[in-house]
Amino acid sequence: MRTDLLGAFVEKTIQHLKRDPGYQLDPDLTGYALFQVLLFRGASILRGYCYRLRLRRSAGPLLVGSHVMLRHPQLISVGRSVIIEDYVFMDALSKKGIQLGNNATIAKFSTIQCTGVIQNLGVGVSIGDNSAVGAYSFIGGQGGIVIGSNVIMGPRVNLHSENHSYQSTSTLIRLQDVTRQGIILEDDCWIGAGSVILDGVHIGRGCVVAAGSVVTKDVPAYSIIAGSPAHILKSRVPISATEMSN
């Protein structure tokens, strides 16, 4: 717990906003550095207030960085204390729009794109409480993407919920049909930097996806996977003696 007045005030404020009574600032954070952070966050809150007026729903404070572009904001819903960092691009045009849960973070230079062409509207993207999309990531919600709560992602993660058909050689690939199955990432997953998750994949709760993996099929809960295409290395759940004997 901070003993200086400014630090203690900031800790209490963040604990209230995040509904996390255990939140603490790093003890090595100096007063001057904290003051700089507050100036930056203050500007983000002011920008967020202007954006909140245009959204479908906003449940609380919204922090928005510089050079952020939100297209079709009337289709975007956010919880409280959501952070959208610098140079983020979000296009919510789709059947369900974009939904960001409480304390969700979209890191800088990331893109959330729900529809590719207006001939065929996409489904949309839902991101749960306390989940974070890493910097320079791409979330393509054409087929629908559901990301659970407490999911963390490294930078440059790509989720593609649509595939192109290519069976015909007499028709241009771009003119052939697309398939959409959607992507689901359950709660408490860690998606490593540079990973790619393709359409139709369902990743179970508590999984760890190693950096640079290409995930092409479903992953059972609490698995650790790696590779291209990704395969299961081991489970995070210990195997009981009974299971080993069977």
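The coordinates are above.
Let me begin by describing the structure that accompanies this report. Since this is a predicted model, take the numbers as computed values, not measurements. (Residues numbered from 1 in each chain as written. Predicted model: local features only at pLDDT ≥ 70, side-chain atom pairs only at ≥ 80, totals over all residues. Heavy atoms only, no water.)

## Considerations on the environment of Gly206
Part 1: When you line up the elements, Gly206 lands in the loop between β21 (202-203) and β22 (208-209).
Part 2: Among the residues examined, Gly206 registers a relative accessible area of 0% and is labelled buried.
Part 3: Remark: the alpha-carbon pair of Gly206 and Ile224, spanning 18 residues in sequence, is separated by 9.0 Å.
Part 4: Once you skip the residues sitting within four places of it in the chain, Gly206 turns out to touch Asp187, Asp188, Cys189, Tyr222, Ser223 and Arg236. (Helix = DSSP H or I, 4+ residues; strand = E, 2+ residues; numbered from the N terminus. Buried < 20%, exposed > 50% of the residue type's maximum accessible area, 1.4 Å probe, protein only. Contact = heavy atoms within 4.5 Å.)

## Topic: the nonpolar core
Part 1: Ranked by internal contacts, the top residues of the largest apolar core, which has 43 residues, are Leu100 and Ile203.
Part 2: Within the residue set of this core, elements represented by two or more residues are β2 (62-64), β4 (76-78), β5 (82-84), β7 (98-100), β10 (125-127), β13 (145-147) and β18 (183-185).
Part 3: Filtering out sequence-adjacent residues up to four positions away, Ile203 remains in contact with Ile184, Leu185, Glu186, Cys189, Ile197, Val209, Val215 and Val219. (Core = buried A, V, L, I, M, F, W, Y, C linked by side-chain atoms within 4.5 Å.)

## Considerations on the side chain of Gln176
Part 1: Mapped onto the fold, Gln176 is located in the loop between β16 (163-164) and β17 (178-179).
Part 2: Residue Gln176 is classed as buried on the basis of its relative accessible area, which comes to 12%.
Part 3: Of note is the side chain of Gln176, whose polar atom sits 3.3 Å from the backbone nitrogen of Gln167.
Part 4: In this structure the side chain of Gln176 is engaged in a polar contact, spanning 2.8 Å, whose partner is the backbone oxygen of Ser168.
Part 5: Look past the residues within four positions of Gln176 in its chain and what remains in contact with it is His164, Ser165, Tyr166, Gln167, Ser168 and Thr171. (Polar contact = N/O pair within 3.5 Å; in protein donor to acceptor, adjacent residues only side chain to side chain.)

## Examining the packing of helix α1 (residues 5-18) against helix α2 (residues 31-52)
Part 1: With their axes 10 Å apart at the nearest point, α1 and α2 run at an angle of 40° to one another. Between α1 and α2, the crossing angle belongs to the class labelled oblique. Between α1 and α2 lies a crossing of left-handed hand. Taken together, the residues of α2 that come into contact with α1 (itself represented by Leu6, Gly7 and Val10) are Gly31, Leu34 and Leu38. (Axes fitted to C-alpha atoms, helices over the stretch in contact; angles between N-to-C directions. Parallel < 35°, antiparallel > 145°, perpendicular 65-115°, else oblique. Left-handed = near helix turned anticlockwise from the far one by under 90°.)

## Side note on the pairing of strand β24 (residues 223-227)
Part 1: Note: β22 against β24, two bridges, orientation parallel. Its bridge partner being in β24, Val208 is matched across the sheet by Ile224.
Part 2: In terms of strand pairing, β24 meets strand β25 (residues 230-235) through five bridges, oriented antiparallel. Residue pairing across strands places Gly227 opposite Ala230, the latter belonging to β25.
Part 3: Following β24, the chain reverses through two residues before pairing antiparallel with β25. (Pairing = 2+ DSSP bridges.)

## Some thoughts on a nonpolar patch on the surface
Part 1: On the surface, Leu6, Tyr32, Phe35, Leu38 and Leu39 cluster together into a nonpolar patch covering about 500 Å² of accessible area.
Part 2: Here the nonpolar patch takes four residues from α2, the largest share from any one element.
Part 3: Judged by relative accessible area, which is 44%, Phe35 ranks as partly exposed. (Patch = residues over 30% accessible without salt bridge, like charges linked within 9 Å, V, L, I, M, F, W, Y side chains within 5 Å. Areas by Shrake-Rupley, 256 points an atom, 1.4 Å probe, with all protein chains shown as cover. Salt bridge = Lys/Arg side-chain N within 4 Å of Asp/Glu carboxyl O.)

## Details of the sheet that holds strand β1 (residues 57-58)
Part 1: With parallel pairing, seven strands are arranged side by side in an open sheet as β1-β4-β7-β10-β13-β18-β21. The open sheet is flanked by β1 and β21, the only strands paired with a single partner.

## Brief notes about the sheet that holds strand β3 (residues 69-71)
Think of a sheet as strands paired side by side through backbone hydrogen bonds, with each pair either parallel or antiparallel.
Part 1: In space, the seven strands of this open sheet follow the order β3-β6-β9-β12-β15-β20-β23, with parallel pairing throughout. For this open sheet the edge positions go to β3 and β23 (214-215), each flanked by a neighbour on one side alone.
Part 2: Judged from the two bridges that link them, strand β15 (residues 158-160) and strand β20 (residues 196-197) form a sheet pairing that is parallel. The partner of Asn158 across the bridge, within β20, is Val196.

## Topic: the layout of surface pockets
To find the voids left in a structure, one rolls a probe of water-molecule size over its atoms.
Part 1: By volume, the largest pocket is sized at about 500 Å³.
Part 2: As for the largest pocket, its lining consists of 19 residues, and the residues nearest its centre are Val10, Ile14, Leu38, Arg41 and Leu63.
Part 3: Counting residues per element, the ones that place at least two in the lining of the largest pocket are α1 and α2.
Part 4: If you tally residues by element for the lining of the largest pocket, the top one is α1, at seven residues.
Part 5: The computed volume of the second largest pocket comes to approximately 250 Å³.
Part 6: Lining the second largest pocket are Gly116, Val117, Gln119, Asn120, Gln142, Glu162, His164, Arg174, Gln176, Asp177, Val178 and Arg180.
Part 7: Partitioning the lining of the second largest pocket into residue classes produces two nonpolar, six polar and four charged. (1 Å grid on protein atoms, 1.4 Å probe; cavity = no way out; pocket = protein on both sides within 12 Å on 5 of 7 lines; lining within 4 Å. Points joined across faces, edges and corners; volume = space filled by probe spheres on them. Nonpolar A, V, L, I, M, F, W, Y, C, P; charged D, E, K, R; others polar.)

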